[in-house]
Amino acid sequence: MFIFLIFTIILPQKSFTSLLPTRYPTLIEVQGRPTPLEYDTLRKNFFLEQKNRYLGADLTLSPQEERVNDIIMRLKRQELTYGFSNPGNFSGAVHIFQSFERIDNSSLFKILRKMPKGGVLHAHDTALLSTAKVIEFTYRENLWILGDLDENSDKLPKFLFALSKPQAENGLEWQSVADLRLAKGSEVFDKELHDILSLYSSDSSIENRDINYVWRRFKSIFSVLGGIVCYDEVWKAYFYQALQEFLDDGVQYLEFRGLLPAVYAINGTIYSPEQVVELYVEVLEKFKREHPTFINSKFIFAPPRAATDEQFDKDLGILNELRLKFGNFVVGFDLVGQEDAGRPLKDFAHKLLRLPQDIKFFFHAGETNWNGMATDENLVDAILIGTKRIGHGFAITKNPKILEAIKTENICIEVNPVSNQVLKLVDDFRNHPAALLFADNYPVVISSDDPSFWRTTPLSHDFYIAFIGISSAHSDLRFLEKLVKNSIEYSSLSANERQNAESKWRAEWEKWLKWVIDNYET
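Residues numbered from 1 in each chain as written. Predicted model: local features only at pLDDT ≥ 70, side-chain atom pairs only at ≥ 80, totals over all residues. Heavy atoms only, no water.

Enquirer: With reference to specific residues and values, describe the overall build of the protein chain.
Expert: Secondary structure assignment for the protein chain yields 19 helices and eleven strands. Computed over the C-alpha atoms, the radius of gyration of the protein chain is 25 Å, within 12% of the 24 Å expected from 2.2 N^0.38 for a compact globule of 522 residues. Summarising its shape, the C-alpha atoms of the protein chain cover approximately 85 × 55 × 45 Å along the three principal directions. Put simply, the protein chain has 522 residues, and 54% of those count as buried. Long-range contacts, defined here as pairs at least 24 residues apart, represent 77% of the contacts in the protein chain between residues at least 6 apart. About 23500 Å² of surface is accessible on the protein chain, with carbon and sulfur atoms providing 51% of the total. Computed over 59 positive and 71 negative side-chain charges, the separation of the two mean positions in the protein chain equals 4 Å. (Helix = DSSP H or I, 4+ residues; strand = E, 2+ residues; numbered from the N terminus. Rg over C-alpha atoms; globule rule 2.2 N^0.38 Å. Buried < 20%, exposed > 50% of the residue type's maximum accessible area, 1.4 Å probe, protein only. Contact = heavy atoms within 4.5 Å. Areas by Shrake-Rupley, 256 points an atom, 1.4 Å probe, with all protein chains shown as cover. Lys, Arg positive; Asp, Glu negative; His and termini not counted. Charge placed at Lys NZ, Arg CZ, Asp CG, Glu CD.)

Structure, rendered in structure tokens:
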């Protein structure tokens, strides 16, 4: 005898029960195959149960939200239907660098660009501002360059702001950027500089290289950027303009990682880590005064994971100093760099566990395709050490125990779709492991990691890819709204700050709903 079972459905406390029948059958016993009627019942109940588990299923839409939902789902179905018939032209199936024009022309993307998205909880200090804006800083006076702008050269160029020509290094003379730009022509110079400062390519040159090559190019951008953006006057302008770009993209809160690099003055004076944080706070307070819809920004100190034991001890000392003076801005600790090539978390575990309890951890972990190696085992150590969130967690679906732990401990996963593709973890977004996290209502947020380096918007491209390429075709406005709410819930904002954040976001959300209806309702 074959017994076909359908199990009792236990609804979450906040389930949108209006979509569900009053009562499920607790058990259906079928002798052999189900009858057609039993099959129809089983199938209907199966999909109703699955729908109740989607990310956002616990939300109930207002009448206005229902109207907007109809609009975005009509547009989503159009894109999916086209993509189903033309997979080679589906934005969720090809490399982001090959689909910018298609995405930018999408009505759905235009709606998502306007959508208030809450916060970004995973981004990096010198990869926030668009490359075009960074290049504008190189038009300032007193900027010098050592080397050339050949992106394939073994020797990377160096930049420095100085009142007079710096001393030669290794037989190479510094050149005035203004003079070199004049000699080459602004268009040529800026194109070469753009290629150095971005992983973007239109000829598939990045897509066809291996992960180690891409990571070497990725890390090289940070080193070239330093001389430009770490000049104190640029540093302040850079952070202010980055906040502006994020706000313009619907991001009202920014929680970002940083190494606290050697910011310098025009006379060569080097700022201490504490002084660098003071610059951040100064700019942030000015921005908040001038932009009342912006919620806040907070900082996670994140030195390299390749640190020696001696350097790691120094980093922990810096962390303690910053925590005592800037406890409301410096909210936690992480380690950054390519996990496959860096030291595993277990190397630092004992020292981390001795830190004061009020220091929060937000570890990068599982940013890898490997299974059972030291890199994906960082996920285990991150959880055992007590991380509040996990950056990327790409390998997380390969370990059921880890999945169980993040639900039990309510550990949020910071999903960065575009980053995962550019840095060679996934080719087709439909294969992204976050699909499982979305389908079973795991605690997740969408972030952008290093948007400057792949020419994307601060968050809209990642939201679009998550919605059109990773989530179910059935995921709707509830899914999007839940991601926004999660970005506030799992942030480092205090309870009072979260309440204020929710209020500011809701005001912008209501404006957006009206805008969508006014412009797209047929």
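Enquirer: Pulling in residues and values, what's your account of the sheet that holds strand 2 (residues 143–146)?
Expert: In spatial order, the strands read 3-2-4; together these three strands make up an open sheet with antiparallel pairing. Taken across any chain shown, the strands that pair with only one partner, and hence form the sheet edges, are strand 3 (158–161) and strand 4 (175–176). Note that strand 2 and strand 3 share four bridges and pair antiparallel. Across the sheet, Ile145 pairs through a bridge with Phe159, a residue of strand 3. (Pairing = 2+ DSSP bridges.)

Enquirer: Would you mind going over helix 14 (residues 400–408) in detail, with residue names and values included?
Expert: Taken together, the buried positions of helix 14 are occupied by Ile402, Leu403, Ala405 and Ile406. Within helix 14, the buried residues cover an arc of 160 degrees as seen down the axis, which keeps them to one side. The exposed residues of helix 14 that point more than 90 degrees off its buried face are Pro400, Lys401 and Thr408. Where helix 14 is buried, its residues meet helix 13 (378–385), strand 9 (389–392), strand 10 (412–415) and helix 16 (434–439). Taking the backbone nitrogen of Lys401 as reference, a side-chain oxygen 3.0 Å away marks Asn399 as the first, capping residue of helix 14. Trailing helix 14 by a residue or two, Asn410 shows a phi angle of about 55 degrees, which is positive. (Arc of directions from axis to C-beta. Polar contact = N/O pair within 3.5 Å; in protein donor to acceptor, adjacent residues only side chain to side chain.)

Enquirer: Any chance you could break down the packing of aromatic side chains for me, citing the residues and the numbers?
Expert: With the rule as written, the count across this model stands at 32 aromatic pairs. Ring centres of Phe218 and Phe222 lie 5.3 Å apart, and the angle between their planes is 80 degrees; on these two criteria the pair is classed as edge-to-face. Of this pair, Phe218 and Phe222 are both found in helix 8 (residues 211–229), four residues apart, which corresponds to roughly one turn of the helix. Here a set of aromatic residues connected by ring pairs shows up, and it is made of Trp235, Tyr238, Phe239, Phe256, Tyr280, Phe299 and Phe329. (Phe/Tyr/Trp six-rings, centres within 6.5 Å; stacked < 30°, edge-to-face > 60°.)

Enquirer: Can you break down the packing of helix 9 (residues 232–248) against helix 10 (residues 273–290) residue by residue, with the values?
Expert: Two elements in contact, helix 9 and helix 10, have axes whose closest approach is 9 Å; the angle formed by their N-to-C orientations is 45 degrees. Relative to helix 10, the element helix 9 is oriented oblique. With respect to the hand of their crossing, helix 9 and helix 10 are arranged in right-handed fashion. Residue-level contacts link Trp235, Lys236, Phe239, Tyr240, Leu243, Gln244 and Leu247 of helix 9 to Val276, Leu279, Tyr280, Glu282, Val283, Leu284, Lys286, Phe287 and Glu290 of helix 10. Along the lines of polarity and charge, the residues of the contact of helix 9 with helix 10 split into eleven nonpolar, one polar and four charged. (Axes fitted to C-alpha atoms, helices over the stretch in contact; angles between N-to-C directions. Parallel < 35°, antiparallel > 145°, perpendicular 65-115°, else oblique. Left-handed = near helix turned anticlockwise from the far one by under 90°. Nonpolar A, V, L, I, M, F, W, Y, C, P; charged D, E, K, R; others polar.)

Enquirer: Lay out the nonpolar core with the relevant residues and their values.
Expert: Among the nonpolar cores identified, the biggest contains 150 residues, and Phe333, Leu352 and Ile406 are the most heavily contacted of them. The element contributing the most residues to this core is helix 9, with ten residues. (Core = buried A, V, L, I, M, F, W, Y, C linked by side-chain atoms within 4.5 Å.)

Enquirer: Hey, could you go over the pairing of strand 9 for me, with residue numbers and the actual values?
Expert: Judged from the four bridges that link them, strand 8 (residues 360–365) and strand 9 form a sheet pairing that is parallel. By the bridge assignment, Phe362 is partnered in strand 9 with Arg389. With respect to chirality, the unit in which strand 8 leads through helix 13 into the neighbouring parallel strand 9 is right-handed. Looking at chain direction, strand 9 and strand 10 are connected through three bridges and run parallel. Pairing of Ile390 across the sheet is with Ile413, part of strand 10. (Right-handed = clockwise from strand over helix to strand, strands pointing away.)

Enquirer: Describe in detail the sheet that holds strand 5 (residues 251–258), supporting the description with residues and values.
Expert: In spatial order, the strands read 1-5-6-7-8-9-10-11; together these eight strands make up an open sheet with parallel pairing. For this open sheet the edge positions go to strand 1 (118–120) and strand 11 (444–446), each flanked by a neighbour on one side alone. Each strand axis lies, on average, 25 degrees off the axis of its neighbour in the sheet, ignoring direction. Packed onto the sheet, helix 9 meets strand 1, strand 5 and strand 6 (296–301) and runs at close to 135 degrees relative to strand 5.

Enquirer: A description of empty space enclosed by the protein should follow, citing residues and the corresponding values.
Expert: Taken as a whole, this structure holds three cavities of 30 Å³ or more when the rule is applied. Estimated volume of the largest cavity: approximately 80 Å³. Lining the second largest cavity are Ile211, Trp215, Gln338, Glu339, Asp340, Glu367, Leu423 and Leu425. Of the residues assigned to the lining of the second largest cavity, the class counts are four nonpolar, one polar and three charged. (1 Å grid on protein atoms, 1.4 Å probe; cavity = no way out; pocket = protein on both sides within 12 Å on 5 of 7 lines; lining within 4 Å. Points joined across faces, edges and corners; volume = space filled by probe spheres on them.)

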